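Survey of secondary and tertiary structure
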Amino acid sequence: MDQPQVSENYANPKTCFFHVLFKAGALAFYILSALFVNNFVIIFVVTVLLAALDFWVVKNVSGRILVGLRWWNEIDDEGNSVWKFECLDGESLARMNKKDSWLFWWTLYLTAAAWIVLGIFSLIRLHADYLLVVGVCLSLSIANIVGFTKCNKDAKKNVADWTRTTLLSSGVRSTIQSAFGV
């Protein structure tokens, strides 16, 4: 008799909700405001505010909770831009929830794609002012994509190092145990 498969649920549903909420809020307000609001300044301010909230939530909260990553950029004493990455240890990264991670990465990329499509519509309609809104929102999305992609590469290196160290230490341990009959 076949056993029913248990599907993995989101480990952090509230974080997932807010991760999606600000993205959807900025996009929905931008799209729907053209139908109901006739004031560009209000559309600009509210849309950019929602996109900035999304940027902050992703960078400082949902990135840390959903994928175990955090990034920031600093300017050193010589005026050079220095990327800083923070990630969980290899064991903790290996245990991250797959659904949470999937939601994080897909919404990160789909939001940027949606802003690109909206930018194309602004170009076609020759609305340079709305293109400015899209440009700001797209810049914030791309900044998170670049930051988390670089951080993820650094984290994968850490996981590979952890795996190599773990396998090496377990191999050494088993060799010692077998040599001394422990």
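Residues numbered from 1 in each chain as written. Predicted model: local features only at pLDDT ≥ 70, side-chain atom pairs only at ≥ 80, totals over all residues. Heavy atoms only, no water.

This part covers the overall build of the protein chain. Looking only at helices and strands, the protein chain features five helices and two strands. Counted from the first residue to the last, the protein chain has its helices and strands arranged as α-α-β-β-α-α-α. Across the protein chain, every contact between residues at least 6 apart in sequence was considered, and the portion connecting residues at least 24 apart equals 70%. Accessible surface, the protein chain: about 11600 Å² in total, of which carbon and sulfur atoms supply 66%. (Helix = DSSP H or I, 4+ residues; strand = E, 2+ residues; numbered from the N terminus. Contact = heavy atoms within 4.5 Å. Areas by Shrake-Rupley, 256 points an atom, 1.4 Å probe, with all protein chains shown as cover.)

The next point concerns the UniProt feature "transmembrane region" (unreviewed entry) in the protein chain. Per the UniProt entry, the sites bearing "transmembrane region" (unreviewed entry) are residues 27-57, 102-124 and 130-148 in this numbering. What you have in residues 27-57 is 90% helix and 0% strand, and the ends, taken at the C-alpha atoms, are 16 Å apart. Split by type, residues 102-124 is 100% helix and 0% strand. Its first and last C-alpha atoms lie 33 Å apart. (UniProt positions renumbered as here; feature names shortened; annotations may be inferred.)

On the surface, a nonpolar cluster with roughly 480 Å² of combined accessible area is contributed by Ile116, Val117, Ile120, Phe121 and Ile124. Residue classification places Phe121 among the partly exposed positions, given a relative accessible area of 47%. (Patch = residues over 30% accessible without salt bridge, like charges linked within 9 Å, V, L, I, M, F, W, Y side chains within 5 Å. Salt bridge = Lys/Arg side-chain N within 4 Å of Asp/Glu carboxyl O. Buried < 20%, exposed > 50% of the residue type's maximum accessible area, 1.4 Å probe, protein only.)

So, on to the layout of surface pockets. Counted as a void, the second largest pocket has a volume near 200 Å³. Lining of the second largest pocket is provided by Tyr30, Ile31, Ala34, Val37, Asn38, Ile43, Leu118, Phe121, Ser122, Arg125, His127 and Tyr130. Of all elements in the fold, only helix 1 (13-36) and helix 4 (98-124) reach the threshold of two or more residues within the lining of the second largest pocket. Of the residues assigned to the lining of the second largest pocket, the class counts are eight nonpolar, three polar and one charged. (1 Å grid on protein atoms, 1.4 Å probe; cavity = no way out; pocket = protein on both sides within 12 Å on 5 of 7 lines; lining within 4 Å. Points joined across faces, edges and corners; volume = space filled by probe spheres on them. Nonpolar A, V, L, I, M, F, W, Y, C, P; charged D, E, K, R; others polar.)

Turning next to the environment of Arg70. Tracing the backbone through its elements, the reader meets Arg70 in strand 1 (residues 69-75). Considering only alpha carbons, one finds Arg70 and Asn144, 74 residues apart in sequence, at a separation of 10.0 Å.

Let's shift gears to the pattern of salt bridges. Inspection of every chain in the model, using the stated rule, returns one salt bridge. A salt bridge links Asp54 to Lys23, with the nearest nitrogen and oxygen atoms 3.0 Å apart. Taken together, the residues Asp54 in helix 2 (residues 40-66) and Lys23 in helix 1 connect sequence positions 31 residues apart. Accessibility expressed as a relative area gives 7% for Asp54, which makes it buried. Its relative accessible area of 5% is what places Lys23 among the buried residues.

Right, let's talk about helix 4 for a bit. Here helix 4 is 27 residues long and its end C-alpha atoms lie 39 Å apart, about the 39 Å a rise of 1.5 Å per residue gives. The complete set of buried residues in helix 4 reads Asp100, Leu103, Phe104, Trp105, Thr107, Leu108, Thr111, Ala112, Trp115, Leu118, Gly119 and Ser122. In the stretch just after helix 4, Leu126 is the one whose phi turns positive, near 55°. (Expected span 1.5 Å × (residues − 1).)

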